[in-house]
Number of protein chains: 2
Amino acid sequence: MILVGELINASRKPVAEALKTTDREAVAQLAQEQTKAGADFIDVNAGLSEEREAELLRWLVETVQSRVETPCSLDSPNPKAIEAALAVHRGTPPMINSISLEKERWDRLLPILQGTALKVVALCMSDEGMPETCDQRLTIAEGLIEGLAGAGIPLENIFLDPLVQPVSTNTSYGRAFLEAVEGIMTRWPGVHTICGMSNVSFGLPERKRINEVFLVMALCRGLDAAILNPLDRRTMAGLVTAEMLAGRDDFCARYLEAYRAGLLSEP
Amino acid sequence: MILVGELINASRKPVAEALKTTDREAVAQLAQEQTKAGADFIDVNAGLSEEREAELLRWLVETVQSRVETPCSLDSPNPKAIEAALAVHRGTPPMINSISLEKERWDRLLPILQGTALKVVALCMSDEGMPETCDQRLTIAEGLIEGLAGAGIPLENIFLDPLVQPVSTNTSYGRAFLEAVEGIMTRWPGVHTICGMSNVSFGLPERKRINEVFLVMALCRGLDAAILNPLDRRTMAGLVTAEMLAGRDDFCARYLEAYRAGLLSEP
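In this report, the structure presented in the accompanying data block is examined. Everything numeric in this text was worked out from a predicted model, so none of it was measured.

Glancing now at the overall build of chain A. For chain A, the count of helices and strands is 10 helices and 8 strands. Against the compact-globule benchmark of 18 Å for 267 residues, chain A has a radius of gyration of 18 Å, which places it among compact chains. Dimensions of chain A, computed from C-alpha atoms along their principal axes, come out at roughly 45 × 45 × 35 Å. Split into buried and exposed, the 267 residues of chain A put 56% on the buried side. Relative to all contacts within chain A whose residues are 6 or more apart in sequence, the contacts with residues 24 or more apart total 67%. Total accessible area computed for chain A in this model is approximately 11100 Å², and 50% of it derives from carbon and sulfur atoms. If the 26 positive side-chain charges of chain A are averaged to one point and the 37 negative ones to another, these points end up 5 Å apart.

Below you can see the structure in the form of structure tokens.
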């Protein structure tokens, strides 16, 4: 599983505070802890104010990379902010989070991706809005893959997010997402699927458990990347267990390593 | 999900004790608690001594049915014990646990099933031993279904158990089981799949978590029945959550009911 650590996000209070006070240590520490916990990318989101976003996103990238080698996931729909961040990003190419089939977003972000080794999260969203069914997701996915591949972006750099909607709104939304994951992974080998889980539990009690169980189910249907909090012990314990049971952990080595590191016992 | 409560089993110390001392109250209470927690069948196993098994299994059925209306799952390969138990079982037809494609077992149990409304657990096991791969499981499943259907047993009374082996022995065993569940449910609509989970975690630490995660994964691939401890809060919380996410809980009604009953909070 390819993990994107979600904690450096301006919508979280400690991060908003760190952005306001230019608290390098707070940000660097979040990058370090998430890397240690297994994050393959560190998501950086500076969406506090549109006018300062470019400056702040660049500062976040510099601050993260002052402490760790982990590439960033540049979490913005704003091409100016992404370009400012790309100008300072070093090492392994980062991930752009995210493009979609919405025309304005597509036209602004595609030129940044062309001819690069950037990874990109592609949301299954079009100008017609959020998809409801599995078929609608696969139709948008097809448009995204054809467009991105047509622009020379290799399939293995594309991370499709089928987008999950709350099951409290419609009981079929979880299943539609899971079927879309399986459909995408079967139909376009090489492409990745990615998702943040938390939307699925909106409006329901005990949301953390719902998100964890849904992650296991999505992994079981083929999801191979996730945007999550790698410091959450229960999420990570569920993940390492599910990967072992899905046959992706030779000799149960990572499971046993997590056990020896004390990560599997109840907090 | 069709749930078979596993607690009245002579291999468990309190039950062995109750069988020795003819403690009706202990057995009746286990039946009542499991029924209250959602068991659709109460498994009864009296495999202490072969010579007394018929007498003890009959006593277990009588004792369970003195307290609850829930049908039993008669857990024995011994036709004499099963016939003794059937002679006293009242109400909804019970489940026989279990037949297999092993010739001796098949020949002894099939006559009991023919012409009845009994449910039957059919283990994917033959005289060649435990299957290793998904394909081996599907081949045995085909033999079981052809044989049982040929003897007039309706598909909806057949509960195929693909049998899971420990992933600590071979990393592919979890995946082989999951693929067999999906293969059976796709190929023979109407047939049920059932399993006890605990074998998958044999030889590994933190077994309860492994069993729970595996149950969610199996449900996600189509498993529609399970032999488990319905009094285990974490198992049941995972189950109700996964069923909701799989789209099997209209309006999230059972999830919300479990929440209001306090079953979803951490113990």
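For an α-helix, 3.6 residues make a turn, and residues three or four places apart therefore share a direction. Residues and elements named next belong to chain A. With 13 residues, helix H2 (residues 24-36) ought to run about 18 Å at 1.5 Å a step, and its terminal C-alpha atoms sit 18 Å apart, in line with that. Regarding H2, the residues found buried are Val 27, Ala 28, Leu 30, Ala 31 and Gln 34. Looking straight down H2, one finds that the buried residues subtend no more than 155 degrees of arc, so they occupy a single side. Residues of H2 that are buried in the fold lie against strand S1 (2-9), helix H1 (13-21), strand S2 (41-45) and helix H3 (53-65). One or two steps after H2, the chain reaches Gly 38, where phi turns positive at roughly 115 degrees.

In this section: the relation of the copies chain A and chain B. Superposing chain A onto chain B requires a rotation of 180 degrees together with a translation of 0.0 Å along the rotation axis, leaving an RMSD of 0.0 Å. Expressed as an axis order, the relation between the two copies is that of a two-fold axis. Looking at the rotation axis and the C-alpha trace of chain A, the residue lying nearest is Met217(A), at 2.9 Å. Both copies share a contact surface, since 100% of the interface residues of chain A are interface residues in chain B too.

Moving on: the pairing of strand S8 (residues 225-228) of chain B. Residues and elements named next belong to chain B. Because side chains alternate across S8, one face comprises the buried residues Ala 225 and Ile 227, and the other comprises Ala 226 and Leu 228, equally buried. Relative to S8, strand S1 (residues 2-9) runs parallel, the two sharing 4 bridges. Within S8, the residue paired with Gly 5 across the bridge is Leu 228.

Turning next to the sheet that holds strand S3 (residues 72-75) of chain A. Residue and element names in this part refer to chain A. Strand order in the open sheet formed by 8 strands is S7-S6-S5-S4-S3-S2-S1-S8, with parallel pairing between adjacent strands. Whereas interior strands pair on both sides, the edge strands pair on one side only; in this sheet they are strand S7 (192-193) and strand S8 (225-228). As defined by bridge partners, strand S4 (residues 95-100) adjoins strand S5 (residues 119-123) across 5 bridges and the pair is classed as parallel. Bridge assignment links Ser 100 to a residue of S5, and that residue is Leu 123. Packing against the sheet, helix H5 (residues 103-113) makes contact with S4 and S5, and its axis sits at approximately 145 degrees to S4.

Moving on: the packing of helix H4 (residues 79-88) of chain A against H5(A). All names here are of chain A. For the pair H4 and H5, the least separation of the axes is 10 Å and the interaxial angle reads 15 degrees. Taken together, the axes of H4 and H5 lie roughly parallel to each other. The two elements H4 and H5 meet at a crossing, and its hand is right-handed. In this structure, H4 contributes Pro 79, Ile 82, Glu 83 and Leu 86 to the contact, and H5 contributes Arg 108, Leu 109 and Ile 112. Class assignment for the residues of the contact of H4 with H5 results in 5 nonpolar, no polar and 2 charged.

A separate point is the packing of aromatic side chains. Residues and elements named next belong to chain A. Summed over the entire model, instances satisfying the criterion amount to 2 aromatic pairs over all chains. Taking 5.3 Å as the distance between ring centres and 40 degrees as the angle between the ring planes, the aromatic pair formed by Phe 177 and Phe 214 counts as tilted. Of the two residues, Phe 177 is situated in helix H7 (residues 173-187) and Phe 214 in helix H8 (residues 207-220); the sequence distance between them amounts to 37 residues. The exposure class of Phe 214 is buried, given its relative accessible area of 0%.

A complete count under the given rule lists 0 disulfides over all chains for this structure. Sulfur of Cys252(A): no disulfide; nearest cysteine sulfur belongs to Cys220(A) and is 17 Å away.

This part covers the interface of chain A and chain B. Interfaces are often sized by the accessible area lost when the parts come together. Listed per partner, the contact involves 39 residues of chain A and 39 residues of chain B. Interface of chain A and chain B: buried area, both sides summed, is about 3300 Å²; carbon and sulfur atoms make up 67% of it. The largest contributions to the chain A side of the interface with chain B come from Thr171(A), Arg209(A) and Leu245(A), which together make up 21% of the buried area. Remark: the boundary between chain A and chain B carries 10 residue pairs in polar contact (both at pLDDT 80 or more). Of all the secondary-structure elements, those providing two or more residues to the side of chain A that touches chain B are H7, H8, helix H9 (233-245) and helix H10 (253-260) of chain A. Of the residues in the side of chain A that touches chain B, the class split is 23 nonpolar, 7 polar and 9 charged.

Calculation notes
Residues numbered from 1 in each chain as written. Chains lettered and ligands numbered in written order. Predicted model: local features only at pLDDT ≥ 70, side-chain atom pairs only at ≥ 80, totals over all residues. Heavy atoms only, no water. Helix = DSSP H or I, 4+ residues; strand = E, 2+ residues; numbered from the N terminus. Rg over C-alpha atoms; globule rule 2.2 N^0.38 Å. Buried < 20%, exposed > 50% of the residue type's maximum accessible area, 1.4 Å probe, protein only. Contact = heavy atoms within 4.5 Å. Areas by Shrake-Rupley, 256 points an atom, 1.4 Å probe, with all protein chains shown as cover. Lys, Arg positive; Asp, Glu negative; His and termini not counted. Charge placed at Lys NZ, Arg CZ, Asp CG, Glu CD. Expected span 1.5 Å × (residues − 1). Arc of directions from axis to C-beta. Least-squares fit on C-alpha atoms with pLDDT ≥ 70 in both. Pairing = 2+ DSSP bridges. Axes fitted to C-alpha atoms, helices over the stretch in contact; angles between N-to-C directions. Parallel < 35°, antiparallel > 145°, perpendicular 65-115°, else oblique. Left-handed = near helix turned anticlockwise from the far one by under 90°. Nonpolar A, V, L, I, M, F, W, Y, C, P; charged D, E, K, R; others polar. Phe/Tyr/Trp six-rings, centres within 6.5 Å; stacked < 30°, edge-to-face > 60°. Disulfide = S-S within 2.5 Å. Buried area = accessible area lost by both parts, 1.4 Å probe. Polar contact = N/O pair within 3.5 Å; in protein donor to acceptor, adjacent residues only side chain to side chain.

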